[in-house]
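# Overview (structure and organization)
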Amino acid sequence: MVNRRTSEINKTPLSIITVQGVNMESIKIDDILAQYDSSNLTIATVCSHSSLQIFHGAKQEGFHTIGIAVGEERRKFYDGFPLAKPDEFLMVEKYTDILNLTRELQQKNAIIIPHGSFVEYLGAEKFLKLELPTFGNRDVLMWESDRNIERDWLESAGITMPQEIKNPKNIEKPVIVKYHGAKGGKGFFIAKTYEEFQKRIQPDKPYTIQEFVMGTRYYLHYFYSPIQNNAYKLKKGSLQLLSMDRRDETTIDEVQRLGSIAELEEIGIHPTFVVTGNIPIVMRESLLPKVFKMGEQVVEKSLELFGGIIGSFCLETVVTENLEFKVFEISARIVAGTNPYINGSPYSEMIEPGLSTGKRIAQEIKFAAKHDQLNEILT
Ligand code: AMP
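This section reports on the structure supplied with the text. (Residues numbered from 1 in each chain as written. Predicted model: local features only at pLDDT ≥ 70, side-chain atom pairs only at ≥ 80, totals over all residues. Heavy atoms only, no water.)

### Section: the pattern of salt bridges
Test applied: Any carboxyl oxygen of Asp or Glu within 4 Å of a side-chain nitrogen of Lys or Arg constitutes a salt bridge here. Secondary structure elements follow DSSP: runs of H or I no shorter than four residues count as helices, runs of E no shorter than two count as strands, and numbering proceeds from the N terminus. Categorising residues by exposure relies on relative accessible area from a 1.4 Å probe, with only protein chains included: less than 20% of the type maximum marks a residue as buried, more than 50% marks it as exposed, and the intermediate range marks it as partly exposed.
What the rule picks out here adds up to 25 salt bridges. Across the pair glutamate 144 and arginine 333 runs a salt bridge, and its minimum N-O distance is 2.5 Å. One end of the pair, glutamate 144, is in helix H7 (residues 140-144); the other, arginine 333, is in the loop between strand S13 (325-331) and helix H12 (357-370), with 189 residues separating them in the sequence. Arginine 333 matches glutamate 144 in its accessibility class, with the two residues each being buried. With a shortest N-O distance of 3.6 Å, lysine 166 and glutamate 164 are connected by a salt bridge. Look at glutamate 164 and you get partly exposed, because its relative accessible area is 21%. Members of the salt-bridge network, linked through shared partners, are Arg151, Glu155, Glu164 and Lys166.

### Observations concerning the packing of aromatic side chains
Any two aromatic rings considered together are summarised by their centre-to-centre distance and by the angle between their planes. Our working definition: Centres within 6.5 Å are what make two rings of Phe, Tyr or Trp a pair, Trp counting through its six-membered ring; a difference in plane orientation under 30 degrees is then read as stacked, over 60 as edge-to-face, and the rest as tilted. Over a ring means this: the NZ of a Lys or the CZ of an Arg is within 6 Å of the ring centre and within 35 degrees of the ring normal.
Counting across every chain of the model gives 16 aromatic pairs. Plain terms: the ring middles of tryptophan 153 and phenylalanine 306 are 5.2 Å apart, the flat faces sit at 90° to each other, and that makes the pair edge-to-face. Here tryptophan 153, found in helix H8 (residues 147-156), pairs with phenylalanine 306, found in helix H11 (residues 288-306); they are 153 residues apart in sequence, far enough to count as distant. Phenylalanine 306 shares its class with tryptophan 153; the two are buried. A centroid spacing of 4.8 Å and a plane angle of 10° characterise the contact between tyrosine 222 and phenylalanine 313, whose relative ring orientation is stacked. One end of the pair, tyrosine 222, is in strand S8 (residues 216-225); the other, phenylalanine 313, is in strand S12 (residues 311-319), and 91 residues separate them in sequence. Neither tyrosine 222 nor phenylalanine 313 differs from the other in exposure class; each is buried. Positioned above the aromatic ring of phenylalanine 127 is the side chain of arginine 138, whose terminal nitrogen or guanidinium carbon lies 5.8 Å from the ring centre. Over the ring of tyrosine 218 we find arginine 246; its NZ or CZ atom is 5.1 Å from the centre of that ring.

### Regarding the pairing of strand S2 (residues 64-70)
Test applied: Pairing between two strands requires that DSSP report at least two bridges joining them.
Of all 7 residues that make up S2, 5 are buried, and the element is covered over most of its length. Examined bridge by bridge, strand S1 (residues 42-46) and S2 share 5 bridges and lie parallel to one another. In the sheet register, valine 46 faces S2, and the bridge partner there is isoleucine 68. Pairing of S2 with strand S3 (residues 88-92), which is carried by 5 bridges, proceeds in the parallel orientation. Each bridged residue has a counterpart across the sheet, and for isoleucine 66 the counterpart in S3 is glutamate 88.

Here it is as C-alpha cells:
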C-alpha cells in the first residue's frame, strides 16, 4: 500500500480553475493511491504521439504496460516494435470511453502518462475529471490552455515572449496569426500588413497576433523532479535537459522547393504549419546556461503559482541573430519531439547512457514509489 502523506504540492486556488466547472477537489487521487500496490504499478497511456517511447522506457524499468487504443489498426502496428509493444491493450470505441475503464485501470494499479494526444482526444474537461493517478500536475492545464494566462505565467517568470499585437491595424512587421485551440499549427498564417491580415482572417474564430520572430527554432525538452536533487539544483528539486528537436512543419519547411513564399502567395498558395515529424538537433554550447536559466525561471514561477510543473515539459523557442531566446509556447508534458531519442540524446547520454524521456518518467515513478512520494509527482 502507498503510505498516504500530506502532499507538499501547493494546490492551486480553486478560484483560478476555469475549465467548465470541474471541481478538482472531488477527485481524490490520494485516496485512490492509498488502495494501490506500489510494488506492482502499471504504466498506461493512449496508443499515439509518444506512446512507443513511453512503453519502451517503462518496460526497460520493469513496469507492466497497458496501451489504450481505438481500432485494430492502432493495435497492429505495435507488432512491428516488439520492445515497445504494451503488455496489454484495452480497446475502446472512442477515447472518451476511457472514463468507463477507470475501475479496471485502478484495479491494475495504473498510472496514466498523459501526452498531447491523450489530452486532446479525451478533452481537457474529461482529462481533469479522470479518476486515475496521472503523472505530472494536472492543474498546469489551466495555465497553458489559455494563451493570455500562459503569457502571464511565462512573462512573470522573466521569460521573453514574442510581442503580441492587440490591434491588427498596428501590424508593421511580419506577424503570425494563431487561432485559439488550433492543433498542430493548423490554420495559422503569416501576414506582413493589415491588408494581408484582412484577406486571410476568419473573424468568427478567436485568434492571437504575434510578432513573427526571425531566427532558428529550438524545442527544448526538460525534466523537472521535485523529489530528486541530483541535477541542476532549483529551490526545490532539480532540473534536467534531456534533449531538443526542431519540428518539421508542412508546408512552410519545404515550400521553398517550389518558389519563394512571396511568389507563391501571389498565386494564392499560402504556407501552413502542420507538424509532420521531428528532427534531432543540438545547440551551440555557450547557449546552454541560458537554457537552464529559462527552465529554472519557468519551474520556480510554476511552484509559486500552482504547485509546480512536474516531470517533462518543453519550451518552444526561436533564437534570434542576437542570440536571444523568444519563447512562443510551452508544452507541459512529454512532447513528440523527444521521439528521436528513444536510445538517448547527445544531452541525456551525459546523464545516463540510453536515457529517453519515456525511461526518465518511469524512473521517476519508480523512485517515488520506493520512497513513498508518489503523491508528490502524481495528481
Ligand atoms: P505553436 O502552435 O504556437 O507551437 O506554433 C506552431 C508553429 O508556428 C511553430 O512550431 C513555429 O514554427 C511557428 N511559430 C509559432 N509562433 C511563432 C513566432 N512567434 N515566430 C515565428 N514562428 C512561430
